[in-house]
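Listed below, chain by chain, are the residues.
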Amino acid sequence: MAKSWRYWNRVLHRDLGYVFFGATIIYAVSGIALNHLDDWNPSYSVTHQVVRWEGPGPGAAISKDQVLGFLDEIGERDAYKKHYNPTREQLKIFIDSGSVVIDLYSGKGVVEKLERRPILYEFNFLHYNPKRLWTWYSDMYCVALIIVAVTGLLVIKGTKGITGRGAWLTGFGILIPAILLWMYL
């Protein structure tokens, strides 16, 4: 006996949902995180530590040994990469995962370090579409989302389906982005 189109519709809807469950979670979680870039850095946590520089003041030549001695005091000696003076009054030291900026007049400095946020860093990395293979997978996911959306309209029949309440809810779901688009443009 031949299966009805409704049977195949449900199978397609269900199986694509299973196959692309992981991608849906990745894009949903990272999408929420990336929507709030003005509020926080979703990929890295940033820490600041106030430090005190006791070395030479403005305009003096600062050697690598002096910088390493300072980094030794604050526990960052092994993290040293390089240093330079962006201005006569300032010293900038690059360290692994961050930097140290020192005001040579006051001796006040700030160590800024970045640390990857577990899981969110990786999700955001994929959301930004890093490589060609991911592009192909992401395109397949987008096509699958279209299919899941269309087949989802046809899963339930009758007054709760697309010919009843579902039509109103679908219309409402289309109207919201249309209104927001109109407001923004």
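See the structure above.
Everything numeric in this text was worked out from a predicted model, so none of it was measured.

**Observations regarding the sheet that holds strand β4 (residues 98-103)**
Consideration 1: Spatially, β1-β5-β4-β3-β2 is the arrangement adopted by the five strands of the open sheet, whose pairing is antiparallel. With partners counted over all chains shown, the strands left at the sheet margins are β1 (44-52) and β2 (80-87), one partner each. Neighbour to neighbour, the strand axes of the sheet diverge by 20 degrees on average, direction disregarded.
Consideration 2: Along the sheet, helix α3 (residues 64-73) contacts β1, β2, β3 (90-95) and β4; its crossing angle with β2, the most-contacted strand, is approximately 115 degrees.

**Concerning the packing of helix α2 (residues 21-34) against helix α5 (residues 132-153)**
Consideration 1: For the pair α2 and α5, the least separation of the axes is 11 Å and the interaxial angle reads 100 degrees. In terms of orientation, α2 lies roughly perpendicular with respect to α5. Along its contact with α2, which presents Ala 23, Thr 24, Ile 26 and Tyr 27, the element α5 presents Trp 134, Tyr 137, Ser 138 and Tyr 141.
Consideration 2: Residues belonging to the contact of α2 with α5 are distributed by class as follows: six nonpolar, two polar and no charged.

**What to know about the packing of helix α1 (residues 5-19) against α5**
Consideration 1: Taken N-terminus to C-terminus, the directions of α1 and α5 make an angle of 140 degrees; their axes are 9 Å apart at the nearest point. In terms of crossing hand, the pair formed by α1 and α5 is left-handed. Contacts between α1 and α5 involve Asn 9, Leu 12, His 13, Leu 16, Gly 17 and Val 19 from the former and Tyr 137, Ala 144, Ile 147, Val 148, Thr 151 and Gly 152 from the latter.
Consideration 2: By residue class, the composition of the contact of α1 with α5 is seven nonpolar, five polar and no charged.

**Considering the nonpolar core**
When a protein is soluble and globular, its nonpolar side chains tend to lie buried together.
Consideration 1: Ranked by size, the top nonpolar core spans 17 residues in total, and within it Phe 70, Leu 71, Leu 91, Ile 93, Val 100 and Ile 102 carry the most contacts.
Consideration 2: Listed by contribution, the elements that provide at least two residues to this core are α3, β3 and β4.
Consideration 3: Of the residues forming this core, the biggest block, four residues, is contributed by α3.
Consideration 4: Contacts of Ile 102, omitting those with residues within four sequence positions, involve Trp 53, Phe 70, Glu 89, Gln 90, Leu 91, Ile 93, Gly 107, Lys 108 and Gly 109.
Consideration 5: Among the nonpolar cores identified, the runner-up in size contains nine residues, and Leu 16, Ala 23, Tyr 27 and Phe 123 belong to it.

**Examining the pairing of strand β5 (residues 108-116)**
Consideration 1: In this sheet, β5 lies alongside β1 in antiparallel orientation, the contact comprising nine bridges. If you follow His 48 over to β5, its bridge partner there is Glu 112.
Consideration 2: The sheet contact formed by β4 and β5 spans five bridges and is antiparallel. Counted as the bridge partner of Ser 99 is Glu 112 from β5.

**Some details on a negative patch on the surface**
Consideration 1: Taken together, the side chains of Asp 72, Glu 73, Asp 78 and Asp 96 define an acidic patch exposed on the protein surface.
Consideration 2: Of note, Glu 73 is situated in helix α3.

**Concerning the pairing of β2**
Consideration 1: In terms of strand pairing, β2 meets β3 through five bridges, oriented antiparallel. Looking at the pairing, Lys 82 lines up with Phe 94 of β3.
Consideration 2: Taken together, β2 and the strand that follows it, β3, pair antiparallel across an intervening segment of two residues.

**Details of the environment of Gly 109**
Consideration 1: Turning to its location among the elements, Gly 109 is positioned in strand β5.
Consideration 2: A relative accessible area of 2% places Gly 109 in the buried class.
Consideration 3: Ignoring anything within four residues of it in the chain, the contact list for Gly 109 reads Gln 49, Val 50, Val 51, Val 101 and Ile 102.

**A short note on unusual backbone geometry**
Consideration 1: For Ser 97, which is not a glycine, the phi torsion comes out positive at approximately 60 degrees.
Consideration 2: Among the secondary structure elements, Ser 97 is positioned in the loop between β3 and β4.
Consideration 3: For Ser 97, a relative accessible area of 44% translates into the label partly exposed.
Consideration 4: With a phi angle near 60 degrees, Asn 129 is a residue other than glycine that sits in the positive phi range.

Scoring rules and cut-offs
- Residues numbered from 1 in each chain as written.
- Predicted model: local features only at pLDDT ≥ 70, side-chain atom pairs only at ≥ 80, totals over all residues.
- Heavy atoms only, no water.
- Pairing = 2+ DSSP bridges.
- Helix = DSSP H or I, 4+ residues; strand = E, 2+ residues; numbered from the N terminus.
- Axes fitted to C-alpha atoms, helices over the stretch in contact; angles between N-to-C directions.
- Contact = heavy atoms within 4.5 Å.
- Parallel < 35°, antiparallel > 145°, perpendicular 65-115°, else oblique.
- Nonpolar A, V, L, I, M, F, W, Y, C, P; charged D, E, K, R; others polar.
- Left-handed = near helix turned anticlockwise from the far one by under 90°.
- Core = buried A, V, L, I, M, F, W, Y, C linked by side-chain atoms within 4.5 Å.
- Buried < 20%, exposed > 50% of the residue type's maximum accessible area, 1.4 Å probe, protein only.
- Patch = residues over 30% accessible without salt bridge, like charges linked within 9 Å, V, L, I, M, F, W, Y side chains within 5 Å.
- Areas by Shrake-Rupley, 256 points an atom, 1.4 Å probe, with all protein chains shown as cover.
- Salt bridge = Lys/Arg side-chain N within 4 Å of Asp/Glu carboxyl O.
- Lys, Arg positive; Asp, Glu negative; His and termini not counted.
- Charge placed at Lys NZ, Arg CZ, Asp CG, Glu CD.

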